[in-house]
Amino acid sequence: TLYCMDEGLTVPNGSLSSYHTFPDGLLTQIQKAVTISSPVSGVIFGDASGQRAIALAHYTGAVSSWALGENGTFEFLQEITFNLTKPGPNLARQSTPHEHEAILDPTGQFIIMPDLGADLVRVFSYKNGTLSEQTPLKVVAGSGPRHAAFYNPYGVACEYCTTFLYVVTELGNTVTSYAVTYPKAGGLAFKEVYKTSVYGNLTLPAGNAAAEIAISPDNRFLVVSDRNNTSFKLANPDPKNSTKIPSDSLSTFALQHDGSLIFEQLWPAGGSYPRHFSVNRYGDLVAVGLQYSSRVVIMKRDVQTGLIGNAVASVEVDGQVTCVVWDE
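All values reported here derive from a predicted model rather than from experimental measurement. (Residues numbered from 1 in each chain as written. Predicted model: local features only at pLDDT ≥ 70, side-chain atom pairs only at ≥ 80, totals over all residues. Heavy atoms only, no water.)

**Student:** Sorry, what's going on with the sheet that holds strand β21 (residues 261-268) here?
**Tutor:** Strands pair in a sheet through their backbones, by hydrogen bonds, and they do so in one of two ways: parallel or antiparallel. Strands sit in the order β16-β17-β20-β21 across an open sheet of 4 strands; the sheet is antiparallel. Edge strands, defined here as strands with exactly one partner in the open sheet, are β16 (209-215) and β21. Between one strand axis and the next, the sheet turns by 20° as a mean value, whatever way the strands run. Judged from the 5 bridges that link them, β16 and strand β17 (residues 221-227) form a sheet pairing that is antiparallel. (Pairing = 2+ DSSP bridges. Helix = DSSP H or I, 4+ residues; strand = E, 2+ residues; numbered from the N terminus. Axes fitted to C-alpha atoms, helices over the stretch in contact; angles between N-to-C directions.)

Okay, here's the thing in structure tokens:
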């Protein structure tokens with residue numbers, strides 16, 4: 001079953017839909033429901049009660065949860081809205097809260113949501129599909145946390161194992177790692193251990209806007225997508241057109257067991273605004289969703305070195321691409 005969100009930024013509401021998937025790529029819709037405005041990310045979760053649900057992050061400053069039923073059906077459970085007592089340092093982008101992503105911690109006990117407008121990473125526990133807000137992580141004012149990824153150096157997820165959280169900021173264009181612990185009183189505790197530019201030791205272009213962050217399937221590398229930098233010029237995908245096209249970038253870092261990062265590569269993303277990307281299960285291909293190019297590009301990736309290589313395929317799509325996932 002595939003669950004999709006329609007952000008609906010130009011209309012009063014968004015929507016949540018579910019689809020049956022088929023081996024030939026065909027999709028058939030199961031259900032569609034109206035949501036509060038701007039759902040942009042979701043994560044499926046469940047507890048010992050057997051209740052499975054999906055939590056949605058809403059860019060207009062809210063979170064909602066929906067109970068998942070049999071065969072792809074779902075039902076509304078809850079919504080929580082947030083407010084700011086005062087705007088953040090970046091008035092154009094931080095006048096209101098902006099929940100940007102929903103992800104599970106490695107133990108499956110907590111859901112976190114970076115809030116770009118409030119400079120927080122919100123933390124939620126849950127029971128029977130209902131979310132309860134915990135103490136959030138406060139990040140640097142004006143940095144605008146966008147997405148995040150958890151990392152267990154030895155590939156083991158537990159409350160007593162070493163865990164790090166990497167947060168990428170859209171406004172600050174940084175990647176910061178936090179050591180994560182599980183206090184007896186509940187919730188999550190964070191301690192900053194490392195910070196770097198999304199461009200590593202290279203000069204960050206003016207206007208850059210970091211977007212996606214992900215850890216490779218072998219748990220050895222971290223990749224970030226960078227928009228609005230046009231650091232590269234590429235051959236036109238149209239063989240009849242000799243005009244080179246501008247390309248934004250992908251940054252690759254080697255993960256270290258102490259939570260630090262080593263910058264390995266800056267590579268062209270294949271076009272404009274790589275809002276989202278995903279690595280296939282084996283790790284030898286990267287699919288990049290190029291929002292403003294209306295294109296998906298598939299690139300080679302060296303599993304041993306972690307370095308991304310040339311494109312092996314691309315496809316034009318209708319509209320702006322905001323997400324691309326593998327069905328393997």
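Alright, that's what it looks like, and here's the rest.
**Student:** Teacher, can you tell me more about the state of the cysteines here?
**Tutor:** Each disulfide is one covalent bond, formed between the sulfur atoms of two cysteines. Here the structure, examined in full by the defined rule, presents 1 disulfide. Unpaired in this structure, Cys4 has its nearest cysteine sulfur neighbour in Cys323, at a distance of 8.0 Å. Here Cys4 falls in the partly exposed class, since its relative accessible area comes to 29%. (Disulfide = S-S within 2.5 Å. Buried < 20%, exposed > 50% of the residue type's maximum accessible area, 1.4 Å probe, protein only.)

**Student:** Hey, could you run me through the sheet that holds strand β1 (residues 2-6) in this one?
**Tutor:** Here 3 strands make up an open sheet; going across it, the order is β1-β2-β3 and the pairing antiparallel. The open sheet has two free edges, formed respectively by β1 and β3 (27-35), since each of these has just one partner strand. Each strand of the sheet is rotated relative to its neighbour by a mean of 20°, with strand direction disregarded. Note: strand β2 (residues 14-21) against β3, 8 bridges, orientation antiparallel. Paired with Ser15 across the bridge in β3 is Val34.

**Student:** It is not clear to me how the pattern of salt bridges should be interpreted in this structure. Could you clarify?
**Tutor:** Any two side chains of opposite charge can pair, on the condition that their charged atoms come close. All told, the structure shown has 9 salt bridges when counted by the stated rule. Across the salt bridge formed by Asp115 and Arg122, the nearest N and O atoms sit 2.9 Å from each other. Note on Asp115: relative accessible area 0%, which makes it buried. Overall, Arg122 belongs to the buried group, its relative accessible area being 6%. In this structure, the salt-bridge partner of Glu170 is Arg227, at a minimum N-O distance of 3.2 Å. Taken together, the residues span a long stretch of sequence, with Glu170 in the loop between β13 (164-169) and β14 (174-181) and Arg227 in strand β17 at a distance of 57 residues. Glu170 gets classed as buried once you look at its relative accessible area, which sits at 6%. Judged by relative accessible area, Arg227 falls into the buried class, the value being 6%. (Salt bridge = Lys/Arg side-chain N within 4 Å of Asp/Glu carboxyl O.)

**Student:** Please explain the nonpolar core as it appears in this structure.
**Tutor:** Note on soluble globular proteins: their nonpolar side chains tend to be buried together. Within the largest apolar cluster, 17 residues are counted, with the highest numbers of intra-cluster contacts made by Tyr166, Val175, Leu222 and Val224. Of all the secondary structure elements, the ones that give two or more residues to this core are β12 (145-151), β13, β16, β17, β20 (249-255) and β21. One finds Phe110, Val121, Val123 and Val139 within the second-largest nonpolar core, a separate group that totals 16 residues. (Core = buried A, V, L, I, M, F, W, Y, C linked by side-chain atoms within 4.5 Å.)

**Student:** Sorry, what's going on with the pairing of β16 here?
**Tutor:** In regular strands, side chains alternate between the two faces of the sheet. Summarising burial for β16: 6 of the 7 residues are buried, a large majority. From the end of β16 to the start of β17, which pair antiparallel, there are 5 residues, and Asn219 there has a positive phi angle of about 65°.

**Student:** What am I meant to see in unusual backbone geometry here?
**Tutor:** As a rule of thumb, non-glycine residues mostly have phi less than zero, and peptide bonds are mostly trans rather than cis. For Asn71, which is not glycine, the phi dihedral falls at a positive 60°. Tracing the backbone through its elements, the reader meets Asn71 in the loop between β6 (62-68) and β7 (74-81). On the accessibility criterion, Asn71 (60% relative accessible area) is exposed. Here the phi dihedral of Asn219 falls at roughly 65°; this positive angle occurs in a residue that is not glycine.

These values are about where atoms sit, not about what they do.
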